[in-house]
Amino acid sequence: PRKEKFILIGRRLYKGFWLPEPYALGILAFQRRFTPRPDDVVLTSYPKCGTTWLKTLVFAAMARDAYPPAAADHPLRRLNPHACIPFMEDIFTKRQEAKLDGLPSPRLVHTHTPYALLPETVTTGDGCKVVYICRDPKDMVVSMYHYLRRLQPDLSLAGTFHSVLDGTVLYGPMWDHVLGYWHASIARPDRVLFLKYEDLLRNTGEHVRKLAEFMGRPFSGAEEAAGTVESVVELCSFDKMKNLDVNKTGTIERKYHSIAHDAFFRKGVTGDWVNHMSPEMASRLDEIFRDKLRGTGLTA
Ligand code: A3P
């Protein structure tokens, strides 16, 4: 495939990662100024790997006393998931940290910041909990292509593919991003939970239980009997989320761009790469990930 320049967002190389230029200072401010509370949960992800879904599952599980998942007026039926959990890059770029102070505990926040660049207060000691989600890089490329094309209509799949391969796209290289969290999850298993989109899709209920337990809020016998886990899964399912009025219309206003809510709900499956990528592209990507992950215990 022909190499094309990826021009959508300027980027800045910082400590081995290509940070999106508009957020570079925000990420540094987050790193230096964020003070976690012990019961905070920091959701983290490589872009287009299931962030939106993780946000809904964690929000629904953690807020289940105040908002039973089956309730018709549940916040996730009225608000886009990104409105329920703040994005640190945007908060710190807009200098809106005060908003975080006003959030009740346990706070849920999200960032795409690589593990090595997280605030030290998060990565050391008893800090707080971190949940990471990643995905088959081939599906990530296809998802990212469709997402970015909405912002840059002339972008091609080949262009997206090459910027992932050379590591320069959004918070890349992806393999280093993933490995940072993978190693952290091995070193600090009580603090860092590492998830894969494919596993979540295969058995969502089991992962909702795992998440709740990890966050210190396991489902009780009474909740199990009442089918609360299944209600969380149902509330957050792709079809339900995609078809909500709030997710079919409206936009998220970030400091430097706005993006339609429906951009976060495309297909919601695994393996869609076969419909977009040539076998050569797929094996090239598999090869590079195999090489980078060799000996780490992680497979892409
Ligand atoms: P596809 O483009 O492959 O459909 P992110 O939230 O990190 O931006 O990732 C977006 C990807 O997650 C998109 O993948 C999107 O469709 C998928 N997604 C969003 N909500 C989901 C849900 N509730 N269940 C499963 N997948 C979901």
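Residues numbered from 1 in each chain as written. Predicted model: local features only at pLDDT ≥ 70, side-chain atom pairs only at ≥ 80, totals over all residues. Heavy atoms only, no water.

Looking at an unreviewed UniProt entry, one finds the chain named Sulfotransferase and attributed to Zizania palustris. Under the UniProt heading Sequence similarities (unreviewed entry), the note attached to the chain is "Belongs to the sulfotransferase 1 family." (UniProt positions renumbered as here; feature names shortened; annotations may be inferred.)

Asker: What should I look at first to understand the environment of Ala72 in this one?
Answerer: As for its position among the elements, Ala72 is in the loop between α2 (51-62) and α3 (75-78). Through-space distance from the C-alpha of Ala72 to that of Gly167 is 43 Å; in sequence the pair is 95 residues apart. (Helix = DSSP H or I, 4+ residues; strand = E, 2+ residues; numbered from the N terminus.)

Asker: Whenever I open this one, the confidence of the model for the chain confuses me. Can you help?
Answerer: Low-pLDDT portions of the prediction should not be read for the details of their coordinates. Overall, the prediction assigns the chain a mean pLDDT of 93, with 97% of residues at 70 or greater. With pLDDT under 50 throughout, residues 1-7 is counted as low confidence; its partners more than four residues away or in other chains account for 15 contacts. This complex was scored by the predictor with a pTM of 0.95 and an ipTM of 0.99. (pLDDT = per-residue confidence, 0-100. Contact = heavy atoms within 4.5 Å.)

Asker: Mind showing me how you'd approach the site of the ligand here?
Answerer: Around the ligand, a shell composed of 17 residues is seen, among which Lys48, Thr51, Thr52, Ser143 and Lys267 lie nearest. Cys236 has a polar backbone atom sitting 2.8 Å from a nitrogen atom of the ligand. Contacts to the ligand include Arg266, whose side-chain N or O atom sits 2.7 Å from an oxygen atom. Notes on the ligand: free accessible area 570 Å², of which the protein chains cover 97%. With three residues, the single largest contributor to the shell around the ligand is α2. Counted by class, the shell around the ligand contains seven nonpolar, six polar and four charged residues. (Near = heavy atom within 4 Å. Polar contact = N/O pair within 3.5 Å; in protein donor to acceptor, adjacent residues only side chain to side chain. Areas by Shrake-Rupley, 256 points an atom, 1.4 Å probe, with all protein chains shown as cover. Nonpolar A, V, L, I, M, F, W, Y, C, P; charged D, E, K, R; others polar.)

Asker: How should I be thinking about the nonpolar core in this particular structure?
Answerer: A general tendency of soluble globular proteins is for nonpolar side chains to be buried together. One finds Phe34, Tyr46, Val131, Leu211 and Leu285 to be the most contacted residues of the largest nonpolar core, which totals 95 residues. Counting residues per element, this core draws most heavily on α2, at eight residues. With residues up to four places along the chain from it excluded, the contact list for Tyr46 reads Thr51, His112, Tyr132, Ile133, Met140, Met144, Val169, Leu170, Tyr171, Gly172, Met174 and His177. (Core = buried A, V, L, I, M, F, W, Y, C linked by side-chain atoms within 4.5 Å. Buried < 20%, exposed > 50% of the residue type's maximum accessible area, 1.4 Å probe, protein only.)

Asker: Looking at this structure, how should I read the packing of helix α9 (residues 157-165) against helix α17 (residues 279-293)?
Answerer: At a minimum axis separation of 11 Å, α9 and α17 run at an interaxial angle of 15°. If you check the angle between α9 and α17, you find them roughly parallel. Crossing of α9 over α17 shows left-handed handedness. Here Leu157, Ala158, Phe161, Val164 and Leu165 of α9 come into contact with α17, specifically with Met281, Arg284, Leu285 and Ile288. Here the contact of α9 with α17 is composed, by residue class, of eight nonpolar, no polar and one charged. (Axes fitted to C-alpha atoms, helices over the stretch in contact; angles between N-to-C directions. Parallel < 35°, antiparallel > 145°, perpendicular 65-115°, else oblique. Left-handed = near helix turned anticlockwise from the far one by under 90°.)

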